[in-house]
Amino acid sequence: MLTVDYDRLGVGPGTSVIDVGCGAGRHSFEAYRRGADVIAFDQSVEDLNDVDAILTAMKEQGEAPASATAEAVKGDALALPYADGSFDCVIASEILEHVPADDAAIAELVRVLKPGGVLAITVPRWLPERVCWLLSDEYHANEGGHIRIYRADELRDKVVSRGMRFTHREHAHSLHAPFWWLKCAVGVDKPNHPAVTAYHKLLVWDMMSRPWLTRQAEAVLNPAIGKSVALYFEKPAAFEKPVA
């Protein structure tokens, strides 16, 4: 399940990509499949071990072009171990809502992006996320959980203030919003609740089969209740680093 539009980012053979806060690796895998040179970056060794195993399997099974490279790297998003302007594309999907020092994280995302490069940031959308918070404290009040709810314009302005040019906004995963509202209503610690398991089966079927009906339904509903908002930016070719 991808939140980022790779066609919009222009990711393809030879594109250097860092997926910051890669988690289970879904965006790293797609970039690698498209022939990019990928860094899957996260602070979780457990997640990275799984990501590395899948990247290795993709290479062995020929699921990525032979020219593409992929590496799983552990580190801190507040101190990315790369030089200024190292990547053509930077992806940060569903990570900033977890980071207390989000301004510092945004500065790092911008720093390692090449002039002329593209940045994609996704976060939970304000309204669906607010409903989840109202329904359940357990949804967000846990170690490593969500510490803030962004308004898209607020996040956009944070990134633009770093010298970036905003290019596009879109919403995604509207069918997932009611699922999380349901989980929050019955209790996030009750994954085996009949209603939750039934909805989960529906989502898995949708992701695997991608039927026309649900694709159309999601497209119609995304502007209203899309679970995530994706913001896209470009780094100007004549980029000037903001004054701290």
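Residues numbered from 1 in each chain as written. Predicted model: local features only at pLDDT ≥ 70, side-chain atom pairs only at ≥ 80, totals over all residues. Heavy atoms only, no water.

Visitor: Would you mind going over the overall build of the protein with me for this structure?
Guide: In terms of helices and strands, the protein carries 9 helices and 7 strands. A compact globule built from 244 residues should have a C-alpha radius of gyration of about 18 Å, and the protein, at 18 Å, falls within 12% of that. Overall, the C-alpha framework of the protein stretches about 50 × 45 × 35 Å when taken along its three principal axes. The buried share of the protein, reckoned over its 244 residues, is 47%. Put simply, of all contacts in the protein between residues at least 6 apart along the chain, 77% involve residues at least 24 apart. Total accessible area on the protein is roughly 12000 Å²; 55% of this is exposed by carbon and sulfur atoms. (Helix = DSSP H or I, 4+ residues; strand = E, 2+ residues; numbered from the N terminus. Rg over C-alpha atoms; globule rule 2.2 N^0.38 Å. Buried < 20%, exposed > 50% of the residue type's maximum accessible area, 1.4 Å probe, protein only. Contact = heavy atoms within 4.5 Å. Areas by Shrake-Rupley, 256 points an atom, 1.4 Å probe, with all protein chains shown as cover.)

Visitor: Hey, could you run me through the nonpolar core in this one?
Guide: Here is a general trend for soluble globular proteins: nonpolar side chains tend to be buried in one another's company. The biggest cluster of nonpolar side chains holds 30 residues, and the ones touching the most others in it are Val20, Val90, Leu96, Leu119, Ile121, Leu155 and Val159. Those elements giving two or more residues to this core turn out to be β1 (16-20), β2 (37-42), β4 (87-93), α4 (102-111), β5 (113-124), α6 (152-160) and β7 (228-234). With sequence-adjacent residues up to four places away left out, Val20 is seen in contact with Phe41, Ala77, Leu80, Val90, Ile91, Ala92, Ser93, Ile95 and Leu109. Counting residues in hydrophobic clusters, the runner-up holds 24 residues, among them Tyr6, Phe29, Val38 and Tyr232. (Core = buried A, V, L, I, M, F, W, Y, C linked by side-chain atoms within 4.5 Å.)

Visitor: What's the story with the sheet that holds β2 in this structure? I'm lost.
Guide: By definition, the strands of a sheet pair up through backbone hydrogen bonds, in either a parallel or an antiparallel sense. Pairing is mixed across the open sheet formed by 7 strands, whose spatial order is β3-β2-β1-β4-β5-β7-β6. A single partner strand is all that each edge strand has here, and the edge strands are β3 (70-74) and β6 (165-172). Each strand axis lies, on average, 15 degrees off the axis of its neighbour in the sheet, ignoring direction. Relative to β5, β4 runs parallel, the two being bridged by 6 bridges. (Pairing = 2+ DSSP bridges. Axes fitted to C-alpha atoms, helices over the stretch in contact; angles between N-to-C directions.)

Visitor: Sorry if this is basic, but what is going on with the environment of Gly35 here?
Guide: Relative to the assigned elements, Gly35 resides in the loop between α2 (26-33) and β2. With sequence-adjacent residues up to four places away left out, Gly35 is seen in contact with Gly12, Pro13, Gly14, Pro65 and Ala68.

Visitor: Which parts of the structure should I look at to understand the layout of surface pockets?
Guide: Any space left empty among the atoms is revealed by the rolling of a water-sized probe across them. For the largest pocket, the calculated volume is near 1200 Å³. Considering the residues around the largest pocket, the lining is formed by 43 residues, among which Ser93, Glu94, Glu97, His98 and His146 are closest to the centre. Those elements giving two or more residues to the lining of the largest pocket turn out to be β1, α2, β2, α7 (176-186) and α8 (194-209). The biggest single contributor to the lining of the largest pocket is α8, with 4 residues. Of the residues belonging to the lining of the largest pocket, the class tally is 17 nonpolar, 18 polar and 8 charged. The space that makes up the second largest pocket amounts to roughly 320 Å³. As for the second largest pocket, its lining consists of Met1, Leu2, Ala172, His173, His176, Asp206, Met207, Arg210, Arg215, Glu218, Ala219 and Asn222. (1 Å grid on protein atoms, 1.4 Å probe; cavity = no way out; pocket = protein on both sides within 12 Å on 5 of 7 lines; lining within 4 Å. Points joined across faces, edges and corners; volume = space filled by probe spheres on them. Nonpolar A, V, L, I, M, F, W, Y, C, P; charged D, E, K, R; others polar.)

Visitor: Sorry, what's going on with unusual backbone geometry here?
Guide: With a phi angle near 55 degrees, Glu94 is a residue other than glycine that sits in the positive phi range. Within the secondary structure, Glu94 sits in the loop between β4 and α4. Unusually for a residue other than glycine, His173 sits at a positive phi of about 65 degrees. Structurally, His173 is set in the loop between β6 and α7. With relative accessibility at 7%, the residue His173 sits in the buried group.

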